[in-house]
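Fold and geometry: a report
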Amino acid sequence: MELNILWFWIIAAMFIGYFVLDGFDFGVGMSLPFLGKDDTDRRVLINTIGPVWDLNETWVIVAGASLFAAFPEWYATMFSGFYLALLLILLALIARGVSFEYRHQRPELKWKKSFDTMIVVGSAVPALLWGVAFGNVVRGVPLDENFNYIGSFFDLLNPYALLAGLTTLLLFFTHGVIFVSTKTEGDIRVRARALAIKSGLVTIVVAATFLVWTTLAYGTLASGILAAVAAVALITAYLANLRGNERTAFGLMAVTIGFAVLTLFASLFPDVMPASNDVANSLTIENASSTPYTLQVMSWTALIAAPVILGYQGWTYWVFRKRISRSHIEAAVH
């Protein structure tokens, strides 16, 4: 396999890692209005991701840096053309991170509610806009002969991309709510499982519609098979949650998200940014990649660094594996 093709799939794997891990962070953040009856409940929810949310978020930094180094033309076109959408994602992530750190700094309820709102918005905006961005990448955008995006921001808000955004929003929400049920005890665990049952049904309908649209309009045989696996995993996750097998349901949601991302990348291949106005202006793996030497250096670096990063992240999850309950929060207060 040529290195540029290898790095295309490595970047796909990085986005899978990001969407699986930060995806449930987004879901937990969006669940605050639904599961947080009072401040103690909301603290329980935030504490489920407290030790790991920033570690999960680093995956997007690694993915972005790898995209810049391996496919500079792809990076330049996407980050300039989708500038406003990506800026909104960045601002939302900043607001969410600040809220996690500052909501407990003062005891006033109004203070905490303001930061809770920022957590919800800072989770929902990226969950929606990442789907919109990748939907447009798969669908194709107007590019000139120099690979510059020549559309407007509102051109990105087309029906297919908006459906992609709604799909990621619902997938991450359900993923996060199931994560809450795996990390909590008592009433909040029961309510999280019940909420996942309700949101899961809507997620299945929306995600199935999106996967069928993707397969019929932009897909290949390979992407169709991957989409089918994603659909089966999602339905099985719903059934597992229905039976109370929370951890199995969470693992299957991760599989669903992973194969959904693979479906998008398989639909793209061998393009990386199709031009909707003229196929000659499309960015491909060949014309968007860095030099073979650059990719070789990156490959050796990744080979050395990846086991360390994965080992450290796995160790972090193992250390913070126990469930959290209201009694833990109340004991900490007193």
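Residues numbered from 1 in each chain as written. Predicted model: local features only at pLDDT ≥ 70, side-chain atom pairs only at ≥ 80, totals over all residues. Heavy atoms only, no water.

- The name given to the protein in an unreviewed UniProt entry is Cytochrome d ubiquinol oxidase subunit II, with Cryobacterium zongtaii as the source organism.
- What UniProt records for the protein under Subcellular location (unreviewed entry) is the sentence "Cell membrane". (UniProt positions renumbered as here; feature names shortened; annotations may be inferred.)

A few points about a nonpolar patch on the surface
- The grouping of Tyr-83, Leu-84, Leu-87, Leu-88, Leu-90, Leu-91, Ile-94, Val-98, Tyr-102 and Met-118 at the surface amounts to a nonpolar patch, some 880 Å² of accessible area in total.
- Element by element, the count of residues in the nonpolar patch is highest for helix α6 (residues 83–102), at nine residues.
- Assignment of secondary structure puts Tyr-83 in helix α6. (Patch = residues over 30% accessible without salt bridge, like charges linked within 9 Å, V, L, I, M, F, W, Y side chains within 5 Å. Areas by Shrake-Rupley, 256 points an atom, 1.4 Å probe, with all protein chains shown as cover. Salt bridge = Lys/Arg side-chain N within 4 Å of Asp/Glu carboxyl O. Helix = DSSP H or I, 4+ residues; strand = E, 2+ residues; numbered from the N terminus.)

Things to note about the pattern of salt bridges
- By the definition in use, this model includes 11 salt bridges.
- Across the salt bridge formed by Arg-106 and Glu-108, the nearest N and O atoms sit 3.3 Å from each other.
- Classification of Arg-106 by relative accessible area gives partly exposed; the value is 39%. (Buried < 20%, exposed > 50% of the residue type's maximum accessible area, 1.4 Å probe, protein only.)

A closer look at helix α8 (residues 159–183)
- Over its 25 residues, α8 extends 36 Å from the first C-alpha to the last, a length consistent with the 36 Å expected when each residue adds 1.5 Å.
- Across the 25 residues of α8, 21 count as buried, placing the element largely inside the fold. (Expected span 1.5 Å × (residues − 1).)

Quick look at the environment of Arg-139
- Take Arg-139: it is sitting in helix α7 (residues 109–139).
- The partly exposed category is assigned to Arg-139, whose relative accessible area is 35%.
- For the pair Arg-139 and Ala-217, spaced 78 residues apart in sequence, the C-alpha to C-alpha distance is 8.5 Å.
- When sequence neighbours within four positions are dropped, the list of residues in contact with Arg-139 reads Asn-158, Tyr-160 and Tyr-218. (Contact = heavy atoms within 4.5 Å.)

Focus: helix α3 (residues 39–49)
- Burial within α3 is extensive, with nine of its 11 residues counted as buried.
- Buried residues of α3: Asp-39, Thr-40, Asp-41, Arg-42, Val-44, Leu-45, Ile-46, Thr-48 and Ile-49, and no others.
- The backbone nitrogen of Thr-40 lies 3.2 Å from a side-chain oxygen of the residue at the head of α3, namely Asp-38. (Polar contact = N/O pair within 3.5 Å; in protein donor to acceptor, adjacent residues only side chain to side chain.)

Looking at the side chain of Asn-281
- Residue placement: Asn-281 occurs in the loop between β1 (271–273) and β2 (283–284).
- What makes Asn-281 buried here is its relative accessible area of 11%.
- Every residue in contact with Asn-281, bar those within four places of it in the chain, is listed here: Leu-143, Asp-144, Glu-145, Phe-147 and Ala-275.

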